[in-house]
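Listed below are the residues making up each chain.
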Amino acid sequence: MAGQKNCFRITFATMDLHFVKRGGIIFYMKNVVLTFFFAVMLCSCREKQAEIVENPLEKPTIVGFSQIGSESSWRTCNTNSIIRAAESEGFQVVYADAEQKQENQIRALRSFIVYRVDAILFAPIVESGWDGVLSEAKEAGIPVIVVDRKIRTKDKSLVAGFIGENALEEGQKAAEFLLKKYADMSDGEKRNILEITGTADSSTAKERSRGFREMLSEHGNGRFSVIFCESGDFLRSRGNEIISQIIAYNGGELKIGTKKIDIIFSHNDAMTLGILDALDKGGIAPGSDVTIVSVDGEQSAINELKRGRLNCVVECNPRTGEQLMKLVKTVLSGGEIPAESYVDEDLFCEFDNLTLLEGRGY
């Protein structure tokens, strides 16, 4: 402006921040554009007017994504699927790894609210305890979409919707495989099952277990019995620990009390791989001495299935990114989304021609 003096402009340019630790949470901010383009002109003109120059750049859509952790190849694939899908839509992503702790997730969600993201995506480690922070998001006008695992809230309006695997159906599929495998059992013959579940109070663990048990109860004619159940927290180390302790306590045998374990139903591949390590060390042949059914579909588990060391792997599809971004765009445009959306999933087992199976990519 001609004739003006003492004028200046302050510009904060694009910033790439990677792995910034704040309050115990690791934030991964991928190409987040913090453009606070701000111009203040102080004029000593006769009328002493001040003008603010507005940012000529359009504000990008920013989503906050809180992930449970990075405990498995499945989880890493899920994270990458969501971040890449968001970037392909031109969204900027603020990512927080909760490191398997609910308190970290709550802290991350509050940070997203303060940061004023346009939408919040989060994979809850457990079902309960979210009402407080979700109420804060609602008050701030920020829509929330739950990913992978479900939650329980007193007010269903606190979340826009859910997208992820159908854990109830996954448990049913695992049971259906056993019903087929043992269809020719003679009258009075029974099979004892050890169930190693996921994280306690997670919807995934609860629904997989419920689907599995209900299917066997309804169609198994009393031939199947879950004789022991313990949480392995979806961790390979815990799968190994549980089986190792059972073998050691029973003098090298895989049994509970006097009952031989015929089947192991493991809620994810990470725990299953730990189980295989323990069985190998104990001299027990997985896949033949004991039938093993797993869930996820990681390449490492498929490889073990092809080797005959697993009998069945129920797919839990981690590639939710593309469908999730469609939901995000609908919500941000003011539309409504289904309360629950599921991704397509398959089952792989010893009855299949596994040579035709393509690489899993995770």
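For clarity, every value in this text was computed on a predicted model and none was experimentally measured.

The rules behind the values
Numbering of residues begins from 1 in every chain and follows the order in which that chain's sequence is written. A pLDDT threshold of at least 70 governs which residues receive local features in this predicted model, and a stricter bar of 80 or more applies before side-chain atom pairs are shown or counted, although totals over entire chains, interfaces and linings include all residues. Each side-chain value is derived from all of the structure's non-hydrogen atoms; neither hydrogens nor water enter the calculation. For the purposes of this analysis, a disulfide is any pair of cysteine sulfur atoms at a distance within 2.5 Å. Burial here depends on accessible area, computed with a 1.4 Å probe over protein chains only, as a share of the maximum for the residue type. Under 20% is buried, over 50% is exposed, and the range in between is partly exposed. Helix and strand assignments come from DSSP, with helices taken as H or I runs of at least 4 residues and strands as E runs of at least 2, each series counted from the N terminus. Handedness is read with the strands pointing away from the viewer; a crossover is right-handed when the path from the first strand over the helix to the second is clockwise. Any two strands with at least two DSSP bridges between them are considered paired. Salt bridges are counted wherever a side-chain nitrogen of Lys or Arg sits within 4 Å of a carboxyl oxygen of Asp or Glu.

Chemist: How do you make sense of the state of the cysteines when you look at a structure like this?
Modeler: Covalently bonding the sulfur atom of one cysteine to the sulfur atom of another cysteine gives a disulfide. Tallied over the entire structure, the rule returns zero disulfides. Here Cys312 is not cross-linked by a disulfide; its sulfur's nearest cysteine counterpart is in Cys349, at 5.5 Å. Judged by relative accessible area, which is 0%, Cys312 ranks as buried.

Chemist: Mind showing me how you'd approach the pairing of strand β16 (residues 291-296) here?
Modeler: On any regular strand, side chains alternate: one points to one face of the sheet, the next to the other face. Of all the six residues making up β16, six are buried; the element is thus mostly covered by neighbouring parts of the structure. Every second residue of β16 is oriented toward a common face, with Thr291, Val293 and Val295 on one face and Ile292, Ser294 and Asp296 on the other, all of them buried. Read from strand β15 (residues 263-266) through helix α7 (residues 269-281) to β16, the crossover connection turns out right-handed. In the sheet, β16 pairs with strand β17 (residues 312-315) via four bridges, with the strands oriented parallel.

Chemist: Just checking my understanding: could you explain the pattern of salt bridges for this structure?
Modeler: Oppositely charged side chains can form a pair if their charged atoms are brought close together. In the structure shown here, the tally under the stated rule is 28 salt bridges. Residue Lys255 is joined to Glu253 by a salt bridge in which the shortest nitrogen-to-oxygen separation is 3.7 Å. Beyond isolated ion pairs, a larger network of salt bridges with shared partners links Glu71, Arg75, Asp148 and Arg149.

Chemist: In this structure, what is going on with the environment of Ala278? I would like to understand it.
Modeler: For Ala278, the position within the fold is in helix α7. Distance from Ala278 to Ile242, taken between C-alpha atoms, is 8.7 Å for residues 36 residues apart in sequence.

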